[in-house]
Amino acid sequence: MEPDVRLGLYRMMVLIRTYEETILREYHADKKPVFDIGAGLIPGEMHLSAGQEPVAAGVCAHLTADDAVTATHRPHHFAIAHGVDLDRMTAEIFGRVDGLGRGRGGHMHLFDPATHFSCSGIIAEGYPPAVGQALAFQRRGTDRVAVAVTGEGAANQGAFHEALNLAALWKLPVVFVVEDNDWGISVPRSASTCVTSNAERAAGYGIPGERVEDNSVEAVHEVAAAAVARARAGEGPSLIEVHTLRLWGHFEGDAQGYRSDLEGVPGRDPLPTYEKRLRADGVLDDTAANSIAAQAHDRVQAAVEFAKRSPEPDPATALDHVFAQA
Amino acid sequence: MTDVAFPRVSENDPDAEGVLATWFAGDGDRVGEGDLIAEVAVDKVDVEVPAPAAGVLRLLVQEGEVVKQGEPIARIE
Amino acid sequence: MTLTDASASSATPTTRKLTTAKAMVEAIAQEMERDDDVFVLGEDVGAYGGIFSSTTGLLDRFGPKRVIDTPISETAFIGAAVGAAVEGLRPIVELMFVDFFGVCMDQIYNHMAKIHFESGGNVKVPLVLTTAVGGGYSDGAQHSQCLWGTFAHLPGMKVVVPSNPADAKGLMTAAVRDDNPVVYLFHKGVMGLPWMAKNRRSVGPVPEGEHVVPIGKANVVRPGSDVTVVTLSLSVHHALDVAEELAPQGVDCEVVDLRSLVPLDTDTILESVGRTGRLLVVDEDYLSFGLSGEIIARVAERDPGLLRAPAARVAVPDVPIPYARPLEYAVLPTPDRIRRAVLDLVGA
């Protein structure tokens, strides 16, 4: 792989991690001394994607703003990798007027029409609308693709199976991505799923399925290249499953008492692993690493400041935007 | 004057019977050629009956009546 | 020849009549003709023409790319319609029976209805969800419901319920052109189907060419002075039949056809009740926690003094709709029940 491509992937992963660490700090800062989920500048649930950066970076490297991405309740890494406006995304997470949804959607409901990005807080239910976006792309004769993301737990929900069948049947330009981070909140995959790999399920729908076992951003990049190319060529959908890592809890506030693999988690962190590899290959040195880290830090800080400067929505506008006006 | 016949819906059974399901125009109404005047049903197959000619419609059967294929259901004067 | 061909007849009478089903199809066909982004999908909407004739002839006229038969995957194809609408297409998607909403409600009320709001108005979902409702032909508890109250209860979707052919065409046209999700519930008993007993009002005059009925406007289909009967769908037909029967007996009913539930035309209801002082709501949906209570609440909130007698309602009681005909007709809002309720209201 070309050094600049590798560096680009690394840069994206650093940006995502920096963002998630920042949100983590901001989220918890004002929920002390006792964790109160409704308190603070970022109230509500928070599902952070630290550890899952390789999936977003590897897949979105093949996309343009014209391609659609439908993400889950844990959407930040895909939003960032797909180029969603970071300022407006952050303002939405902070529930401010300048947010993507004017403060009406929040962290699980980020919609950016400029990049055809959406997410759904309902497990697996983001798959069918992604299929619909692909239907629109196909009908218009474009080579645009729709990337649909779920977790491994979602692969047992009806919507998952219906969407795969329909996309395969109509040969739609969809790339179905399954992030297997081992845990559906507290339930390990072995207790929820009858097969060891959801890539096997692709065969049940007559479409290609690939599983990336080691959370390697370059492996994801390679597998995604084929899937995206296949979709763009009108050959239909594919399924990619990535065995990735949920570095933190399911949601912030999750004590993870149930989690039996916690000890091994830091060692599986994909970011230091990739950094080490790039250094060993002579692609990354201290100067470059520091520069990338500083740029990420500055960009994220600017986004947070933008969000904090944005006003809170006026309660009198609470009923606005239920319906589009003629 | 033109006869309007119950359409031959069933090819296999020329003596098949059906139902005059719906009149879309009334007795004495003026209709144009091609206007929808009735809907009939034979064995769950619904068929529309357009007016074969323009003129004044005279109904020969009532809604719900059982009619043999080919029999006149209306006249256009 | 079917009515879905271009209506080029030279001698077209101005009182041209259609069934509700054919009027609905005509609206869809005209909109598909006008706008390439409009397309239809659902189960059996293609060759079969919709099991309640809601899409008859469209496949022949527009082809399989615009009239699409789907697998039995409501979550997938209704969700796909949502995604296609987000991308600017204008799908008309059919949920075969409203009773099936259970298998796909998430895509309807959490996605279709909420995306516009969650996106701060930045994303539109110009989708029409059509669905067949209603009982009276022994289809049992899982195939006879109306459930419009449930859809109207949940924010983010417009809800329209045509009772007659002209409104069926007009409301469909309006629904397709609306940039919001519109749930269009058509009662099987008003469709004018050859294979189901039909009220004579299922066939009626329908304007040719473009015909739009505004969403959110009720229609006073029979002005009157003694009682306001607020109703919708097939019950409009029954209310009119009862009104005709009672008029010579000196009871003058005003019948208000709601046509839309979301938005609800509260002004028309209040204006009517303000004049007559007596309110009867006839609703084929379940009695409790629904439409009939909502209508009465809106009157009571404005001014309970408007009513000279307690408000009354005839609805389906809180029971699954029975199969056996005597049982089914005991729970439906039949003309008998409507007549008794009107007479009770006027104190006869």
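Residues numbered from 1 in each chain as written. Chains lettered and ligands numbered in written order. Predicted model: local features only at pLDDT ≥ 70, side-chain atom pairs only at ≥ 80, totals over all residues. Heavy atoms only, no water.

Chemist: When you look at the overall build of chain B in this model, what are you seeing that I'm missing?
Modeler: When helices and strands are tallied, chain B shows 0 helices and 8 strands. Each helix and strand of chain B, ordered N terminal to C terminal, gives the series β-β-β-β-β-β-β-β. Taking 11 Å as the expected radius of gyration for a compact globule of 77 residues, we find that chain B reaches 12 Å, a close match to that expectation. Across its three principal axes, chain B shows a C-alpha extent of roughly 35 × 20 × 15 Å. (Helix = DSSP H or I, 4+ residues; strand = E, 2+ residues; numbered from the N terminus. Rg over C-alpha atoms; globule rule 2.2 N^0.38 Å.)

Chemist: What exactly am I supposed to notice about the nonpolar core here?
Modeler: The nonpolar side chains of a soluble globular protein tend to be buried, and buried together. Core analysis: the biggest nonpolar cluster contains 84 residues, and F176(A) and F151(C) have the highest contact counts within it. In terms of residues, this core owes the most to one element, helix α3 (residues 74-86) of chain C, which gives 8 residues. Shared between two domains, this core takes at least three residues from each, and those domains are domain 1 (14-205) and domain 2 (219-346) of chain C. Setting aside residues up to four positions removed in sequence, F151(C) forms contacts with V98(C), F101(C), M105(C), I108(C), M157(C), V159(C) and V183(C). Judged by nonpolar contacts, the second largest core, of 67 residues, contains A71(A), F78(A), A224(A) and L278(A). (Core = buried A, V, L, I, M, F, W, Y, C linked by side-chain atoms within 4.5 Å. Buried < 20%, exposed > 50% of the residue type's maximum accessible area, 1.4 Å probe, protein only. Domains from an automatic or database assignment. Contact = heavy atoms within 4.5 Å.)

Chemist: Would you mind showing me how to read the sheet that holds strand β10 (residues 227-231) of chain C here?
Modeler: Strand pairing within a sheet occurs via backbone hydrogen bonds; the two strands may be parallel or antiparallel. Residue and element names in this part refer to chain C. Read across the open sheet, the 5 strands follow the order β9-β11-β10-β13-β14; overall the sheet is mixed. The two strands at the open ends of the sheet, each matched to only one other strand, are β9 (219-222) and β14 (312-316). Adjacent strand axes in the sheet meet at a mean angle of 25°, parallel and antiparallel pairs treated alike. Here strand β13 (residues 279-286) runs beside β14; their pairing, made up of 5 bridges, is parallel. Following the sheet pairing, Y286 is matched in β14 by V316. Running at roughly 165° to strand β11 (residues 253-257), helix α8 (residues 234-246) makes contact with β9, β10, β11 and β13 of the sheet. (Pairing = 2+ DSSP bridges. Axes fitted to C-alpha atoms, helices over the stretch in contact; angles between N-to-C directions.)

Chemist: Can you walk me through the environment of E200(A) in this structure?
Modeler: Residue and element names in this part refer to chain A. Relative to the assigned elements, E200 resides in helix α7 (residues 198-203). Relative accessible area serves as the criterion here: at 44%, E200 is assigned to the partly exposed category. With 91 residues separating them in the primary sequence, E200 and H109 have C-alpha atoms 30 Å apart.

Chemist: Sorry, what's going on with the interface of chain A and chain C here?
Modeler: It is common to give the size of an interface as the accessible area lost on bringing the parts into contact. Counting residues at the interface gives 37 residues for chain A, matched by 42 residues for chain C. Around 3,200 Å² of area is buried between chain A and chain C when both sides are counted, 62% of it from carbon and sulfur atoms. The interface formed by chain A and chain C includes 1 salt bridge. Residues E87(C) and R144(A) are paired through a salt bridge, measuring 3.8 Å at the closest nitrogen-oxygen approach. Run the count over chain A and chain C and you get 17 residue pairs in polar contact (both at pLDDT 80 or more). Counting only elements with at least two residues in the side of chain A that touches chain C, the list comes to α5 (127-139) and α6 (158-169) of chain A. The leading source of residues in the side of chain A that touches chain C is α5(A), at 9 residues. Looking at the side of chain A that touches chain C residue by residue, the classes come out as 19 nonpolar, 9 polar and 9 charged. (Buried area = accessible area lost by both parts, 1.4 Å probe. Salt bridge = Lys/Arg side-chain N within 4 Å of Asp/Glu carboxyl O. Polar contact = N/O pair within 3.5 Å; in protein donor to acceptor, adjacent residues only side chain to side chain. Nonpolar A, V, L, I, M, F, W, Y, C, P; charged D, E, K, R; others polar.)

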